[in-house]
Every structure is written in structure tokens, then in C-alpha cells.
Amino acid sequence: MYQSIAWYATLFFVFLLALAFSFVYGESRKFKEYGPIQEKGYKIRKFYFLGLLAVMGFASAISLSKLPYHDQHAHAEANGKVVDVTGMQFSWILSNEDFVVGEPIQFRVTSKDVTHGFGLYDRDLKLIAQTQAMPDYTNTVSVTFEKPGTYKILCLEYCSTGHHVMMKDIIVKPKGGK
């Protein structure tokens, strides 16, 4: 959905840009005094900049609010479960594999050997959380599963010849269910 919106917005702005270039080309063929044109351009430039700043600020606020990480980290620390995750060539080891829908979980991710990328994917293979798994360092990422089912942990960082088999399925159960 977001890609479609971005595509149509891009087409719209490219069309506006083409119109602006066409206007400038058409006006450049007419002979006019430079002074009044320059004065008018300086007046327009300030409003153009402020408008562009407003549009970009709005787009940034909308797109950043859709990230899956906002406010989950603090919630998971206060109420949730902590799961230690260790990546090593070519597997993931979790300290706890019992997950329930609606339970905040804080994954503490590290590595025993080389750098790995911890990518958590939903049933449709949509990335819902990611962080780096590095030796001698622990990164945290918090997730609250909203739907039951099988989720996948995949390595996002090329870690050697067996990288493609470094995946783990985790099963999230419904609340109070099996």
C-alpha cells in the first residue's frame, strides 16, 4: 500500500516538475528585463522553501510514525518477558520459545562468532523487527505479537557459506489457547 502511494506521489510531483520546466522554457523564449524577474523570484523563493519544508516535515512525521519500534521498547521492559537470542553459524538459540499473542517481548540479541542480522518476519514474510547480532555486544529489540502463527527469524547479514540456512521458526500461540 505504501509503495503504491509513493509511486503515485512520485508521478504527481514529476508531472508538476515537468510543468514547471515547460513554463520556464516557454518564458525563457520571451525577452524581458532581468531586474523585475529577479525581484519576483526572490519573493517566491522564500514561500517555495517554506512550502517544501512543510511538505517534507509532514511526510517524515507520517512515515516515521509507522515504524514498528515506537513505544514498544519501554512497554516490553516494564511488563514483558526477556528472551536471550544468540546467533552462531548457522543457527539461532533462544532462551525461551514460549510466545503468546499480546505479550511484550524484549529480545536481547548477541552472537558467538561473527556479525549476524536478526530479522523477525511475520507469516507473510514482512519484516516486523530487526537488529544486529554482534560478538561481545547485546542489542535489544522489543516486539508484541498481534497475531498467532509461525514467525521466522532470518539472518540479514551475510555470515558465510551457510548463511541461507540460518533461519528459525517460532510459534506464537493465541491468548489462553493452544
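How each quantity is defined
Residues numbered from 1 in each chain as written. Predicted model: local features only at pLDDT ≥ 70, side-chain atom pairs only at ≥ 80, totals over all residues. Heavy atoms only, no water. Pairing = 2+ DSSP bridges. Helix = DSSP H or I, 4+ residues; strand = E, 2+ residues; numbered from the N terminus. Buried < 20%, exposed > 50% of the residue type's maximum accessible area, 1.4 Å probe, protein only. Axes fitted to C-alpha atoms, helices over the stretch in contact; angles between N-to-C directions.

Trainee: Explain the sheet that holds strand β8 (residues 149-155) here, please?
Mentor: Where strands meet in a sheet, backbone hydrogen bonds hold them as pairs that are either parallel or antiparallel. Taken in spatial order, the five strands line up as β3-β9-β8-β5-β6 in an open sheet, and their pairing is mixed. Strands with a single pairing partner mark the edges of an open sheet, and in this sheet they are β3 (99-100) and β6 (127-133). Bridge analysis of β3 against strand β9 (residues 167-173) gives two bridges, and the strand direction is parallel. Within β9, the residue paired with valine 100 across the bridge is lysine 173.

Trainee: So what exactly am I meant to see when it comes to unusual backbone geometry here?
Mentor: One can expect most non-glycine residues to show negative phi and most peptide bonds to be in trans. At the junction of glutamine 89 and phenylalanine 90, the peptide bond is cis and its omega measures out at 5° in the coordinates. Position of phenylalanine 90 among the secondary structure elements: in the loop between β1 (81-88) and β2 (91-94). The backbone of aspartate 136 shows a phi angle near 60°, a positive value even though the residue is not glycine. Secondary-structure assignment places aspartate 136 in the loop between β6 and β7 (139-144). For aspartate 136, a relative accessible area of 84% gives the class exposed. Phi at serine 160 takes a positive value of approximately 140°, unusual for a residue other than glycine. Structurally, serine 160 can be placed in the loop between β8 and β9.

Trainee: Could you clarify how one ought to interpret the sheet that holds β1 in this entry?
Mentor: With mixed pairing, the four strands of this open sheet are ordered in space as β2-β1-β4-β7. Of all the strands in the sheet, the pair left with one neighbour each is β2 and β7. Recorded for the sheet is a direction-independent mean angle of 25° between the axes of neighbouring strands. Pairing analysis gives seven bridges linking β1 to strand β4 (residues 104-111), with the strands arranged parallel. Within β4, the position partnered with threonine 86 by the bridge is threonine 110.

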